[in-house]
Amino acid sequence: MQAVLASLGDPRPAPTVITVAGTNGKGSVCAMLESCLRAAGYRVGLYTSPHLRRYNERVRIDGREAGDEILCAGFERVETARGDRALTYFEFGTLAAFVCFAEAGLDVAILEVGLGGRLDAVNAIDSDCAVVTAIDLDHQEWLGDTREAIGREKAGIFRAGRPAICGDPDPPASLLDEAARVGVYLFRAGRDFRADPGPDGWAWRASAGYDGATGRQRSGLPYPSLRGAHQIDNAATALMALECLAERFPVNQAQVREGLLNVRLPGRFQVLPGRPLRVLDVAHNPQAVRVLATTLREQTVAGRTVAVFGMLKDKDIAAVFRDMRSTIDGWYLATLGGERGTTAEELARQARAAGIEAPLQTFASSASAWAAATAEAGDQDRVVGFGSFYVVGDILASLDRGK
């Protein structure tokens, strides 16, 4: 990455860069940062992964997906600059995003880490503010099979003398040790900042600002438009990042309110219009699935809740079935293709082994499972599609085709 960046002339995506890592919640934090900064009038670039329907979703410039022409120009520059150096799909796309951002005249670039942190392609750029969200087990074959090992990888995005934020209230000791070794002051959820919810809104409070000032707070904030009680914690983490950059990019109370109310992020407890109630969520690891189960229980429906579910075979499928066992009344299991995909029949076998007694049906694709589930659901029922970005992407694409 660094060698090709040098061949490209070391393009910096923007004068100020925010890098966001974490097992869960990083997409939401990125979206909230983008929305609040844009509400304040700044020109923002956002790089995320994976995409749901179109590659263009990964590269957003000033609130809009980058067009094909802009992306292809970036790809061509990277192809020329790389010479005989081999690049992965993600490395190639990340470099192209950096080129697109550098030419767009941005104020701020928000970069979402793809996997881990220390060795991720995004980490080739030194950030001005590093954020780590919730940490849990995922991608163990690459990052290690304990929270301590994974926390150490996430902490690889920290840079000496620059603010770092951890939105996990119980971070692994390895992350804290790495922050101390690198020489950053780590703002920790629950210690340095917190969210205080109320019936009509919430307050954000920080014990200290990056400039050493104490007693920072924002009161009377609206709940984010992203659904789920956990999103208030993501919002508090995003506001801590804004606080750390406030001298360069001030965002006032009205602009924060506008940003929280207008933030959009497909596939995160996304509720589709109409009946039956239909929800899409990319939850694909045990921690995310537990959050989804909690949100479903908090937002009850009069009828049944059925799931359209598919998952990659390198995920903890058994844990998902155990965590959702008391929440789902019927399962529509979908085969995911490719080397990492799991067949619907294998999902059914694991479901029964995990003690699932609810009815099971198997389907060749997420789209066909979704069509069957929504056709059979009553107006008082709820249909939830989850388990993978591939599941949600296939369902959204099928809905697009049906328009």
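The preceding data block contains the structure.
Cut-offs applied
Residues numbered from 1 in each chain as written. Predicted model: local features only at pLDDT ≥ 70, side-chain atom pairs only at ≥ 80, totals over all residues. Heavy atoms only, no water. Pairing = 2+ DSSP bridges. Helix = DSSP H or I, 4+ residues; strand = E, 2+ residues; numbered from the N terminus. Axes fitted to C-alpha atoms, helices over the stretch in contact; angles between N-to-C directions. 1 Å grid on protein atoms, 1.4 Å probe; cavity = no way out; pocket = protein on both sides within 12 Å on 5 of 7 lines; lining within 4 Å. Points joined across faces, edges and corners; volume = space filled by probe spheres on them. Nonpolar A, V, L, I, M, F, W, Y, C, P; charged D, E, K, R; others polar. Buried < 20%, exposed > 50% of the residue type's maximum accessible area, 1.4 Å probe, protein only. Lys, Arg positive; Asp, Glu negative; His and termini not counted. Salt bridge = Lys/Arg side-chain N within 4 Å of Asp/Glu carboxyl O. Polar contact = N/O pair within 3.5 Å; in protein donor to acceptor, adjacent residues only side chain to side chain. Contact = heavy atoms within 4.5 Å. Left-handed = near helix turned anticlockwise from the far one by under 90°.

Engineer: Can you explain the sheet that holds strand β13 (residues 277–280)? Please cite residues and give values.
Structural biologist: The mixed open sheet is built from 6 strands, whose spatial order is β12-β13-β17-β14-β15-β16. Two strands bound the open sheet, and with one partner strand each, they are β12 (270–272) and β16 (360–363). Looking at each pair of strands side by side, their axes are set apart by 20° on average, direction ignored. With 4 bridges connecting them, β13 and strand β17 (residues 382–386) associate as parallel partners. Bridge pairing in β17 links Leu277 to Arg382.

Engineer: Would you mind going over the layout of surface pockets in detail, with residue names and values included?
Structural biologist: What the second largest pocket holds in volume is close to 540 Å³. In terms of lining, the second largest pocket is formed by 28 residues, of which the most central are Glu34, Arg60, Arg264, Leu265 and Pro266. Secondary structure elements with two or more residues in the lining of the second largest pocket: α2 (26–39) and α9 (253–262). Broken down by element, the lining of the second largest pocket gets its largest block of residues, 7 residues, from α2. The residue makeup of the lining of the second largest pocket, split by class, is 10 nonpolar, 7 polar and 11 charged.

Engineer: Now, about the side chain of Glu57: what can you tell me, with residues and values included?
Structural biologist: Residue placement: Glu57 occurs in the loop between β2 (44–47) and β3 (59–61). Arg53 provides the closest opposite charge to the buried, unpaired Glu57, separated from it by 4.2 Å. Side-chain polar atoms of Glu57 contact the backbone nitrogen of Arg53, separated by 2.8 Å. Those residues in contact with Glu57 that lie beyond four places of it in its chain are Thr48, His51, Leu52 and Glu65.

Engineer: Can you explain the packing of helix α3 (residues 68–82) against helix α4 (residues 89–102)? Please cite residues and give values.
Structural biologist: Close contact between α3 and α4 brings their axes to 8 Å; oriented N to C, the two are set at 115°. Taken as a pair, α3 and α4 cross one another with a handedness that is right-handed. Together, Ile70, Leu71, Gly74, Phe75, Arg77, Val78, Glu79 and Arg82 of α3 and Phe92, Gly93, Leu95, Ala96, Val99 and Cys100 of α4 make up the contact between the two elements.

Engineer: Please provide a residue-by-residue account of unusual backbone geometry, values included.
Structural biologist: Of the consecutive residues Ser49 and Pro50, the connecting peptide bond is found in the cis state with omega at -10°. Inspection of the secondary structure puts Pro50 in the loop between β2 and β3. Here the phi dihedral of Asp10 falls at roughly 50°; this positive angle occurs in a residue that is not glycine. For Asp10, the position within the fold is in the loop between α1 (2–7) and β1 (16–21). Despite not being glycine, Phe269 has its phi angle at roughly 40°, a positive value.

Engineer: Mind laying out the sheet that holds β1, listing which residues take part and the relevant values?
Structural biologist: With mixed pairing, the 8 strands of this open sheet are ordered in space as β4-β3-β2-β5-β1-β6-β7-β8. Both edges of this open sheet fall to β4 (64–65) and β8 (186–188), since each of them pairs with a single strand only. Bridge count between β2 and strand β5 (residues 108–112): 4 bridges; the pairing is parallel. Pairing of Tyr47 across the sheet is with Leu111, part of β5.

Engineer: Kindly report on the environment of Gly402, identifying the contributing residues and their values.
Structural biologist: Note on placement: Gly402 falls in the segment after α14 (389–401). Separated by 323 residues in the primary sequence, Gly402 and Glu79 have C-alpha atoms spaced 37 Å apart.

The values reported here are purely geometric and, on their own, carry no functional implication.
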